Amino acid sequence: MRYEPAPAELYEENRKRFCDSMESGALALFTSNDILPTNADGTMPFVQNRDLLYLTGIDQEETLLVLFPDAFEEKHREITTVLWNDQRDALLKNLMSQANKVYLNRNEHLRASVAISTQEDRLAEEIQKTYPLHEYKRSAPIMHQLRSVKQEGEMKLIRRSAQINTDAFLRVLKAMKPGMMEYEIEAEFVHEYTRNGSPGFSYTPIIASGYNACVLHYIENDAELKDGDLVLLDVGCWYGNYASDVTRCFPANGRFTDRQKEIYEAVLRVQKACIEMLRPGNQLHAYHRDVGDLMEKELLSLGLISQKDVDHQDPDWPAYKKYFMHGTSHYLGLDVHDVGPWTRQMEVGNYFTVEPGIYIPEESIGVRIEDNILITEDGYENLTSGIPKEVSEIEKIMSA
Ligand code: GLY
Ligand code: MN
Ligand code: MN
């Protein structure tokens, strides 16, 4: 194995915490993901269902987890196994006769858009058809809450993912120069990831020079880095199934222009102020509103928006959105845009990105700065603070 797995106790505790949230007399079912086809006899790389992984650590297809704390026979209280369909049907028939409620799992991520029927969708459909008189419950709200509070057993993998990404950004900082292609920078990340036991990118990397940085989902990475370009790098890796997700902007030639620096410093001020707002008890909604106020102030002093724009703004799409049109933070973990409750207060163990940006297409300048922040009892810990983000520090390393 390329990584030391999390301790088995982590998964035992995760199952216990799920069971503690279940109603009595209830059974819960979790499936693995499918192996998806490409063409001919090809398949896509297997990606395990994150909830099953969280509850079992099993990174293998064709797995079914049954949790039934009130089962008559002790051996049925927790079952993780690879089962043939006929064995599975017989087991379920037995257990369903004892249960009165069933927790089923669905992908309830706010931004999920799934065009195919997944294994858990098929199980949910089949079981509700076969046993229409049971009461059905949703596992997702419980899973979102549990997964959003990182446990000690997860931290080694999370820290390692952040550290490998840190090493990769430091490598890129030293390698970058005008004339390189964006995909050559991508290759530097791959090199550092693979040599450290990471299976690779946790999402399609964005290596965006000059104007490309203003195209939010730019992933072509096929342009040449020009002298004078600012290069936006939004890149992260997996390690032991945990994601990192970092953005930095480096000047291709090692020196920021005055204008690039002005914009960059504005984003950096907002990013630092955002990080300071992350602490237990703060509300995510209030946080996002406060970030909007900070960004509005910076854009007003940069002269990019006017007080008149603010006075006449649409409250659903405030004036600052013209230059900062995406969210500031998302949960991070077994998924890059990890599941977590959006309406609750921040808690110790939450792990967030913080990623404000300013994008000015008419000037070919796009700046985003993104770190990975763990909420602690005292406030926060920045797990990606080793990746330089001060202008002087970036310029110093690039000129060495
Ligand atoms: N790279 C995806 C994100 O920053 O959310
Ligand atoms: Mn990112
Ligand atoms: Mn992100």
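Scroll up to find the structure.
Only a predicted model underlies this, so the values are computations on that prediction, with no experimental measurement involved. (Residues numbered from 1 in each chain as written. Chains lettered and ligands numbered in written order. Predicted model: local features only at pLDDT ≥ 70, side-chain atom pairs only at ≥ 80, totals over all residues. Heavy atoms only, no water.)

**Q** For this particular structure, what's the right way to read the overall build of the chain?
**A** The helix and strand tally for the chain stands at eleven helices and 15 strands. Across its three principal axes, the chain shows a C-alpha extent of roughly 70 × 50 × 40 Å. Here the chain, with 400 residues, has 53% of them falling under the buried criterion. Across the chain, contacts joining residues at least 24 apart in sequence account for 71% of those joining residues at least 6 apart. Averaged over its 42 positive side-chain charges, the chain has a centre that lies 2 Å from the centre of its 65 negative ones. (Helix = DSSP H or I, 4+ residues; strand = E, 2+ residues; numbered from the N terminus. Buried < 20%, exposed > 50% of the residue type's maximum accessible area, 1.4 Å probe, protein only. Contact = heavy atoms within 4.5 Å. Lys, Arg positive; Asp, Glu negative; His and termini not counted. Charge placed at Lys NZ, Arg CZ, Asp CG, Glu CD.)

**Q** What exactly am I supposed to notice about the sheet that holds strand β6 (residues 206–209) here?
**A** Across a sheet, paired strands are connected by hydrogen bonds in the backbone, their directions being either parallel or antiparallel. Taken in spatial order, the three strands of this open sheet run β6-β7-β10, and their pairing is antiparallel. The strands lining the two open edges of the sheet, one partner per strand, are β6 and β10 (246–251). The sheet shows a mean angle of 15° between the axes of neighbouring strands, taken without regard to direction. Summarising the sheet, strand β7 (residues 230–235) and β10 pair through six bridges and their orientation is antiparallel. Along β10, the bridge assignment pairs Leu232 with Cys249. The sheet strands contacting helix α6 (residues 152–175) are β7 and β10, and the helix crosses β10 at an angle near 10°. (Pairing = 2+ DSSP bridges. Axes fitted to C-alpha atoms, helices over the stretch in contact; angles between N-to-C directions.)

**Q** Explanation requested: the site of ligand 1 in the structure shown.
**A** In the neighbourhood of ligand 1, the contacting residues comprise Tyr203, Asp234, Asp245, His330, His337, Glu355 and Glu370. Within the side chain of Glu355, an N or O atom sits 2.9 Å from an oxygen atom of ligand 1. Protein chains bury 82% of the 200 Å² of accessible surface belonging to ligand 1 in isolation. Of all the cavities here, the one that holds ligand 1 is the second largest pocket. Per-class residue counts for the shell around ligand 1 are one nonpolar, two polar and four charged. (Near = heavy atom within 4 Å. Polar contact = N/O pair within 3.5 Å; in protein donor to acceptor, adjacent residues only side chain to side chain. Areas by Shrake-Rupley, 256 points an atom, 1.4 Å probe, with all protein chains shown as cover. 1 Å grid on protein atoms, 1.4 Å probe; cavity = no way out; pocket = protein on both sides within 12 Å on 5 of 7 lines; lining within 4 Å. Sits in = over half its atoms within 2 Å of the grid points. Nonpolar A, V, L, I, M, F, W, Y, C, P; charged D, E, K, R; others polar.)

**Q** I would appreciate a short explanation of the coordination of the manganese ion (ligand 2) in the present structure.
**A** For a metal with four tetrahedral donors the ideal donor-metal-donor angle is 109.5 degrees, while six octahedral donors give ideal angles of 90 or 180 degrees. Protein coordination at the manganese ion (ligand 2): the donors are Asp234 (OD), Asp234 (OD), Asp245 (OD) and Glu370 (OE), at 2.0 to 2.6 Å from the metal. The site at the manganese ion (ligand 2) holds six donor atoms, and with the angles between them running 54 to 170°, its shape is irregular. In primary sequence terms, the donor set of the manganese ion (ligand 2) follows D-x10-D-x124-E. Between the manganese ion (ligand 2) and the manganese ion (ligand 3) the interatomic distance amounts to 3.3 Å, and Asp245 serves as a bridging ligand to the pair. Taken together, the residues span a long stretch of sequence, with Asp234 in strand β7 and Asp245 in the loop between β9 (242–243) and β10 at a distance of eleven residues. (Donors = N, O, S within 2.8 Å, 3.2 Å for Na, K, Ca; no water. Tetrahedral: all angles 85-135°; square planar, octahedral: opposite > 155°, others 65-115°.)

**Q** Sorry, what's going on with the sheet that holds strand β14 (residues 371–376) here?
**A** Within the open sheet, the three strands sit side by side as β11-β14-β15. Their pairing is antiparallel. Bordering the open sheet on either side are β11 (351–354) and β15 (379–382), each of which pairs with just one other strand. Neighbouring strand axes in the sheet, compared pairwise and without regard to direction, differ in orientation by 40° on average. Both β11 and β14 contribute to a ladder of four bridges, which runs antiparallel. Its bridge partner lying in β14, Val354 is registered against Asp371.

**Q** Can you walk me through the side chain of Asp121 in this structure?
**A** Tracing the sequence through the fold places Asp121 in helix α4 (residues 119–130). Owing to a relative accessible area of 16%, Asp121 belongs among the buried residues under this scheme. The contact partners of Asp121, leaving out residues within four places of it in the chain, are Arg106 and Ile116.

**Q** Sorry, what's going on with the packing of aromatic side chains here?
**A** How two aromatic rings sit relative to each other is set out by the distance from centre to centre and by the angle between their planes. Counted under the stated rule, the structure contains ten aromatic pairs. Relative to Trp342, the ring of Tyr331 has its centre 5.5 Å away and its plane inclined at 70°; by these criteria the two rings are edge-to-face. One end of the pair, Tyr331, is in the loop between α10 (307–311) and β11; the other, Trp342, is in the loop between α10 and β11, and eleven residues separate them in sequence. Classification of Tyr331 as buried rests on a relative accessible area of 1%. (Phe/Tyr/Trp six-rings, centres within 6.5 Å; stacked < 30°, edge-to-face > 60°.)

**Q** How do you make sense of the packing of helix α1 (residues 8–20) against helix α5 (residues 140–148) when you look at a structure like this?
**A** When two helices pack together, their arrangement is captured by the angle between the axes and the distance separating the axes. At a closest axis distance of 10 Å, the pairing of α1 and α5 adopts a crossing angle of 135°. Between α1 and α5, the interaxial angle falls into the category oblique. Where α1 crosses over α5, the handedness of that crossing is right-handed. Between α1 and α5, the contacting residues are Asn14, Arg17 and Phe18 on the first element and Ile142, Met143 and Leu146 on the second. Its residues assigned to classes, the contact of α1 with α5 shows four nonpolar, one polar and one charged. (Parallel < 35°, antiparallel > 145°, perpendicular 65-115°, else oblique. Left-handed = near helix turned anticlockwise from the far one by under 90°.)

**Q** Can you walk me through the coordination of the manganese ion (ligand 3) in this structure?
**A** Protein-derived ligands of the manganese ion (ligand 3) are Asp245 (OD), His330 (NE2), Glu355 (OE) and Glu370 (OE), with the metal-ligand distances lying across 2.1 to 2.2 Å. Considering all six donor atoms around the manganese ion (ligand 3), the spread of angles at the metal, 52 to 158°, places the coordination shape in the irregular class. Mapping the donors of the manganese ion (ligand 3) onto the primary sequence gives the spacing D-x84-H-x24-E-x14-E.

**Q** Teacher, can you tell me more about α1 here?
**A** An α-helical turn contains 3.6 residues, so a residue and the one three or four places further along point in the same direction. Between its first and last C-alpha atoms α1 spans 19 Å; for 13 residues at 1.5 Å apiece the expected length is 18 Å, and the two agree. Among the residues making up α1, those that are buried are Leu10, Tyr11, Asn14, Arg15, Phe18 and Cys19. (Expected span 1.5 Å × (residues − 1).)

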